[in-house]
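Each chain, written out:
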Amino acid sequence: MGEFGIGQPLPRVEDARLLKGGGRYINDVALVGQACGYVLRSPHAHARFTRIDVAAAKAAPGVLGIFTGDDLAADGLGTPKVQLQRKRPDGAPLFARPHPGLVRERVRYVGDPVAFVVAETLDQAKDAAELIDIDYAPLPAVVDTDDALKPGAPRVWDENPDNVSHVWEIGNRGATEAAFAAAAHRLKRRYVISRVHAQFMEPRGAVGVFDAHDGRFTLYADVQYPHRVRGMLASVFGVPEHRVRVVAGDVGGGFGTKGWQYAEHRLVLYAAWKLGRPVKWQCERSEALLADEHGRDCIAEAELALDAAGKFLGLRVHMISNVGAYISSDRNLLSTFTSLPALVGTYRIPAAHVGLMVVFSNASATAPYRGAGRPEAIYVIERLIDDAARALGRDRVELRRKNLILPQAMPHKTVLGFTYDCGDFATNMERALVLADCAGVAPRRAEAERRGKLYGVGIVNPIERAASPSPEFAEVRFDTGGGVTLLMGTMNQGQGHETVFKQILCDRLGLAPDDIRFIEGDTDQVAFGMGTMGSRSAAIGGTAVTIAAAKVIAKAKEIAAHALEVSDADLVFADGRFVVAGTDKAIGLKEVARIAFQPAKLPSGVEPGLYETGSFSPPNDTFPNGCHVAEVEIDPETGRVELKRYVIVDDVGTVLNPLTLKGQIHGGVAQGLGQILMEQVVYDRKTGQLLTASFMDYAMPRASDLCAMEVESAPTPTGLNPLGVKGAGEAGTVGALACVMNAIMDALASQGVREFDMPATPARVWRALATARRPRMTSAGEGR
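As the structure is a prediction and not an experimental result, all values here were calculated from the model.

Reading the values: the criteria
Residues numbered from 1 in each chain as written. Predicted model: local features only at pLDDT ≥ 70, side-chain atom pairs only at ≥ 80, totals over all residues. Heavy atoms only, no water. Helix = DSSP H or I, 4+ residues; strand = E, 2+ residues; numbered from the N terminus. Contact = heavy atoms within 4.5 Å. Areas by Shrake-Rupley, 256 points an atom, 1.4 Å probe, with all protein chains shown as cover. Salt bridge = Lys/Arg side-chain N within 4 Å of Asp/Glu carboxyl O. Buried < 20%, exposed > 50% of the residue type's maximum accessible area, 1.4 Å probe, protein only. Expected span 1.5 Å × (residues − 1). Polar contact = N/O pair within 3.5 Å; in protein donor to acceptor, adjacent residues only side chain to side chain. Axes fitted to C-alpha atoms, helices over the stretch in contact; angles between N-to-C directions. Parallel < 35°, antiparallel > 145°, perpendicular 65-115°, else oblique. Left-handed = near helix turned anticlockwise from the far one by under 90°. Nonpolar A, V, L, I, M, F, W, Y, C, P; charged D, E, K, R; others polar. Core = buried A, V, L, I, M, F, W, Y, C linked by side-chain atoms within 4.5 Å. Pairing = 2+ DSSP bridges. Arc of directions from axis to C-beta. Disulfide = S-S within 2.5 Å.

Participant: Can you walk me through the overall build of the chain in this structure?
Facilitator: Looking only at helices and strands, the chain has 20 helices and 28 strands in total. Its C-alpha atoms give the chain principal-axis dimensions of about 95 × 75 × 50 Å. Restricting the contact set of the chain to residue pairs at least 6 apart, pairs at least 24 apart contribute 80%. When the accessible surface of the chain is summed, it comes to about 29200 Å², and 53% of that surface belongs to carbon and sulfur atoms.

Participant: In this structure, what is going on with the pattern of salt bridges? I would like to understand it.
Facilitator: When the charged atoms of two side chains lie near each other, side chains of opposite charge can form a pair. For the structure on display, the rule yields 59 salt bridges. We note a salt bridge from glutamate 730 to arginine 374, for which the minimum N-O separation is 2.5 Å. Within this pair, whereas glutamate 730 is found in the loop between β28 (709-713) and α19 (731-749), its partner arginine 374 is found in helix α11 (residues 374-392), the two being separated by 356 residues in sequence. Each member of the pair, glutamate 730 as well as arginine 374, is classed as buried.

Participant: Which parts of the structure should I look at to understand helix α7 (residues 226-237)?
Facilitator: One turn of an α-helix holds 3.6 residues; hence residues three or four places apart share an orientation. Over its 12 residues, α7 extends 16 Å from the first C-alpha to the last, a length consistent with the 16 Å expected when each residue adds 1.5 Å. For α7, a buried count of 9 out of 12 residues is recorded, marking the element as mostly surrounded by other parts of the structure. Buried within α7 are the following residues: Pro226, His227, Val229, Arg230, Met232, Leu233, Ala234, Val236 and Phe237. If you follow the buried residues of α7, they end up packed against β10 (216-221), β11 (244-247) and α8 (263-275). Within two residues after α7, glycine 238 carries a phi angle of roughly 70°, on the positive side.

Participant: Can you help me understand the side chain of asparagine 322 in this one?
Facilitator: With respect to the helices, strands and loops of the structure, asparagine 322 is situated in strand β14 (residues 312-322). A polar side-chain atom of asparagine 322 sits 2.7 Å from a polar atom in the side chain of serine 361. Every residue in contact with asparagine 322, bar those within four places of it in the chain, is listed here: Val143, Asp144, Thr145, Arg195, Arg296, Asp297, Val359, Phe360, Ser361 and Thr366.

Participant: Would you mind showing me how to read the packing of α11 against helix α12 (residues 396-403) here?
Facilitator: The geometry of a pair of packed helices is captured by two quantities: the angle between their axes and the separation between those axes. At a closest axis distance of 9 Å, the pairing of α11 and α12 adopts a crossing angle of 120°. In terms of orientation, α11 lies oblique with respect to α12. Between α11 and α12 the crossing geometry is right-handed. Counting all contacts with α11, which are made through Glu382, Ile385, Asp386, Ala388 and Ala389, the residues of α12 involved are Arg396, Leu399 and Arg400. Taken together, the residues of the contact of α11 with α12 sort by class into 4 nonpolar, no polar and 4 charged.

Participant: So what exactly am I meant to see when it comes to the nonpolar core here?
Facilitator: Soluble globular proteins: nonpolar side chains tend toward being buried together. Within the largest apolar cluster, 138 residues are counted, with the highest numbers of intra-cluster contacts made by Leu315, Tyr646 and Ile744. Sorting elements by how many residues they give to this core places α19 first, with 12 residues. Membership of the second largest hydrophobic core comes to 46 residues, among which are Val484, Ala539, Val552 and Val592.

Participant: Help me out: how do you make sense of unusual backbone geometry in this one?
Facilitator: Backbone geometry follows two general trends: most residues other than glycine have a negative phi, and most peptide bonds adopt the trans configuration. Look at the link from methionine 410 to proline 411: it is a cis peptide, with omega at -5°. Within the secondary structure layout, proline 411 lies in the loop between α12 and β16 (412-413). Look at glutamate 105: it is not a glycine, yet its phi comes out positive at around 70°. Its place among the elements puts glutamate 105 in the loop between α3 (69-74) and β4 (106-107). With a phi close to 50°, serine 535 is a non-glycine residue in the positive phi region. By the secondary structure assignment, serine 535 is in the loop between β21 (516-520) and α16 (537-564).

Participant: How should the packing of α16 against helix α17 (residues 589-596) be read in this particular structure?
Facilitator: The contact between α16 and α17 brings their axes to 9 Å, and the two run at 85°. What the angle tells us is that α16 and α17 run roughly perpendicular. Together, Ala556, Ile559, Ala560 and Ala563 of α16 and Leu589, Val592, Ile595 and Ala596 of α17 make up the contact between the two elements. A per-class count over the contact of α16 with α17 returns 8 nonpolar, no polar and no charged.

Participant: Mind showing me how you'd approach the pairing of strand β15 (residues 352-359) here?
Facilitator: The two faces of the sheet receive side chains in turn, since in a regular strand these alternate between them. Extensive coverage of β15 is indicated by the burial of 8 of its 8 residues. Where burial is concerned, the two faces of β15 agree: the one with Ala352, Val354, Leu356 and Val358 and the one with His353, Gly355, Met357 and Val359 are both buried. Pairing of strand β7 (residues 164-171) with β15 involves 7 bridges; the strand directions are antiparallel. The residue of β15 that forms the bridge with glycine 171 is histidine 353. Pairing between β14 and β15: 8 bridges, direction parallel. Paired with arginine 316 across the strands is histidine 353, a residue of β15.

Participant: I keep staring at the environment of valine 82 and nothing clicks. Help me out?
Facilitator: Inspection of the secondary structure assignment puts valine 82 in the loop between α3 and β4. The class for valine 82 is partly exposed, based on a relative accessible area of 23%. Sequence separation of valine 82 and aspartate 746 is 664 residues, and the distance between their C-alpha atoms is 43 Å. Among residues more than four places away in sequence, those in contact with valine 82 are Leu94, Ala96, Ile327, Ser328, Ser329, Asp330 and Leu333.

Participant: Would you mind showing me how to read the sheet that holds strand β25 (residues 611-616) here?
Facilitator: In a beta sheet, neighbouring strands are held together by backbone hydrogen bonds and run either parallel or antiparallel to one another. Strand order in this open sheet of 4 strands is β21-β20-β19-β25, and the pairing throughout is mixed. Strands at the two margins of the open sheet, each flanked by one partner only, are β21 and β25. Strand-to-strand twist of the sheet, defined as the mean angle between neighbouring strand axes without regard to direction, takes the value 15°. Of the pairings in the sheet, the one linking strand β19 (residues 472-478) to β25 comprises 6 bridges and is antiparallel in character. The residue bridging alanine 474 from the neighbouring strand is glycine 614, located in β25. Each of β19, β20 (484-488) and β25 touches α16; the most contacted strand, β25, lies at about 145° to it.

Participant: When you look at α12 in this model, what are you seeing that I'm missing?
Facilitator: Burial in α12 covers these residues: Arg396, Val397, Leu399, Arg400 and Asn403. Seen from one end, α12 has its buried residues packed into an arc of 160°, which puts them on one side. Close packing links the buried residues of α12 with β13 (295-306), β14, α11, α13 (425-435), β18 (454-460) and α19. At the N-terminal end of α12, a side-chain oxygen is found 2.9 Å from the backbone nitrogen of valine 397, two or three residues along, and the residue is aspartate 395.

Participant: Teacher, can you tell me more about the environment of arginine 348 here?
Facilitator: With respect to the secondary-structure elements, arginine 348 resides in the loop between α10 (331-337) and β15. The spatial distance from the C-alpha of arginine 348 to the C-alpha of glutamine 493 is 36 Å, given a sequence separation of 145 residues. Not counting chain neighbours up to four residues away, the residues in contact with arginine 348 comprise Phe312, Lys402, Asn403, Leu404, Ile405 and Leu406. Side-chain polar atoms of arginine 348 contact the backbone oxygen of lysine 402, separated by 2.6 Å.

Participant: Please explain the sheet that holds β11 as it appears in this structure.
Facilitator: Taken together, 7 strands build an open sheet; the order of strands is β3-β5-β1-β12-β9-β10-β11 and the sheet is mixed. Each end of this open sheet is capped by a strand with a single partner; those strands are β3 (63-68) and β11. Ignoring which end each strand starts from, the neighbouring axes of this sheet average 20° apart. In this sheet, strand β5 (residues 113-119) lies alongside β3 in antiparallel orientation, the contact comprising 5 bridges. Considered in β5, the bridge of valine 63 is made with alanine 119. Across the sheet, α7 is in contact with β10 and β11; its angle to β11 comes to roughly 145°. Sheet strands touched by α8: β1 (35-41), β3, β5, β9 (205-211), β10 and β12 (279-282). Its angle to β9, the strand with the most contacts, is close to 35°.

Participant: How should the state of the cysteines be read in this particular structure?
Facilitator: Here is the idea: a disulfide is a covalent bond, and it sits between the sulfur atoms of two cysteines. Under the counting rule described, the total for this entry stands at 0 disulfides. Among the cysteines around cysteine 298, which has no disulfide bond, cysteine 739 carries the closest sulfur, lying 19 Å off.

The following block contains the structure:
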């Protein structure tokens with residue numbers, strides 16, 4: 001393992017630089033001759049505009065150029081495209097419309113880009129934007145997911161009368177219907193999963209450069225996968241990929257929302273091309289919710305069938321996902337369907353069928369947000385199990401015990417298509433119950449009641465799809481002095497890549513972190529990369545590092561044997577040294593690297609230099625899993641929810657760095673808790689106006705909203721990559737939504753509340769309690 005190797009709790013090496021102000025974020029990019037861009041956005045959720053007059057704006061002081069959708073169209077600027085093959089309910093092909101960069105004739109959500117103003121200063125650009133004269137004719141808008149499907153609802157696109165983009169289904173409908181017909185108990189619930197925003201610390205930004213000398217575009221931007229953005233931009237501008245360079249420095253949070261190519265990326269490059277100067281656009285915090293893609297926003301109608309003994313027989317789910325006004329690429333659809341198989345969770349469910357309907361609305365587009373569909377899936381199944389237990393008078397833990405997939409069943413292929421290769425779900429749950437002292441729940445509940453508080457416990461067993469099959473790249477490059485540069489195709493956004501990838505290389509080559517220079521995010525320096533998303537970097541990128549390191553050792557061993565005048569077979573490599581077995585004769589890897597650049601000292605047939613690459617694509621997804629337990633107290637007088645305890649037993653496979661792992665899990669839980677307790681993007685249902693555009697209205701969790709978390713690792717290493725890593729970046733969020741809400745519902749159920757949707761703000765909780773105290777009719781759909 002070594003002092004710096006795999007498994008050591010090494011503090012993040014990048015933190016010293018970042019905490020001292022040494023970060024290189026997008027707003028730190030300042031190029032010679034750089035102009036400032038400003039996006040004029042629609043104030044209407046839906047409107048036509050018959051005239052856009054920019055004459056006065058063009059004459060304003062400092063203005064260099066004003067561009068509209070007509071300009072982009074005239075120059076033949078392309079758009080991204082959807083590749084997925086899907087059908088509408090009538091059998092017609094999927095309906096999708098990409099964003100054109102700047103709209104023409106019609107706006108479809110508040111914030112839709114209408115014009116791009118470039119001036120010497122940002123204030124001059126803003127002043128000029130106010131002089132642009134646009135005749136808007138407002139149209140009816142629809143923003144709510146349910147409303148979008150109602151007969152006569154406003155059409156987001158005239159040629160799509162029902163607002164349905166497409167439908168999709170997985171599972172076996174016939175087998176599921178048979179299971180429900182034979183069931184002793186059936187329970188149906190409807191769960192609304194709210195729309196949220198990533199709220200990263202660093203708002204997005206971009207700087208575009210066009211070099212007329214060699215006809216190359218360069219984009220500086222805070223993106224999660226630079227090489228894929230390069231490919232998209234090359235397609236949009238109709239140039240070969242080698243004519244586009246993308247550079248991402250430090251990225252102040254991404255969470256999926258900074259994953260792809262935004263309209264502003266095209267605009268700064270287009271403006272730089274037209275004006276012959278670098279152009280910078282920096283999103284302001286007050287602009288972010290208008291400019292960025294949002295996350296989640298779906299409704300699930302879910303049904304669970306059980307036999308008389310409480311064994312799960314079938315699951316039936318109908319999901320409606322609201323993707324906003326535009327579908328610009330497959331990325332806008334990933335969260336809607338890629339994790340639908342996770343709806344069966346960690347449980348033995350012999351029959352299941354899931355239907356998906358994707359709908360348009362006059363809202364910002366949605367895209368992956370930390371978990372990208374997995375938190376939604378786990379939220380549905382884990383809430384459904386708790387609701388079934390209450391309806392049937394069964395113990396929630398026992399119901400889970402009875403239905404968990406057991407380790408001897410591994411590998412286990414679920415009825416919805418996932419294959420879990422390993423995991424001990426039952427042991428994880430039992431350990432979490434002990435750590436959370438669930439045996440002492442009764443006295444803690446009684447003590448809370450004595451203080452006038454409602455007490456609740458949530459228990460969930462989350463599982464998530466991670467590290468899906470796709471290639472990743474690493475290069476280990478020694479220089480003539482024996483120094484090492486590690487180049488990665490992944491892209492850090494705060495996960496600690498520099499630390500963990502250096503640890504892996506140190507572990508394999510016996511180096512120290514200070515020996516290694518680390519490079520990510522520049523498509524001119526790094527040959528290839530898929531970037532960072534879906535908890536893939538450690539599992540896939542880390543394996544690419546090990547492959548490259550193994551090649552380095554193999555070549556260096558041949559050089560070392562020649563230098564020591566022994567056979568390759570006589571050498572053992574350990575702790576950065578090649579040692580002749582049974583002797584004290586040795587040579588260090590750094591010295592071998594220096595020799596590698598001296599042809600006269602090399603064995604015959606060996607090329608000079610020591611630099612190797614590694615690429616890896618796994619054969620299947622990995623499946624991080626675990627058990628979360630949360631305890632809450634609710635003040636019935638105010639509706640305020642207080643988190644009292646949070647325990648996690650997590651199986652993320654091999655733990656590369658326990659310190660950074662806990663940081664990832666803590667952050668994930670905080671984001672999940674935020675969505676349950678307070679976060680929500682809200683539009684006015686009548687006007688389509690965004691009501692939560694700033695932190696005055698969009699609430700975010702603070703440290704005081706959380707409690708101390710106890711995290712224990714219970715790794716069962718996967719065999720799908722040499723490191724045994726499953727992935728960890730989204731694990732906390734995947735479990736947190738369901739766990740915290742189940743705890744809240746456990747407390748509210750004691751007062752007669754049976755159905756409740758996020759966010760659990762004090763006002764909403766108080767109203768639910770007040771409503772539950774009134775006489776009511778018995779609702780249909782209860783267990784029988």
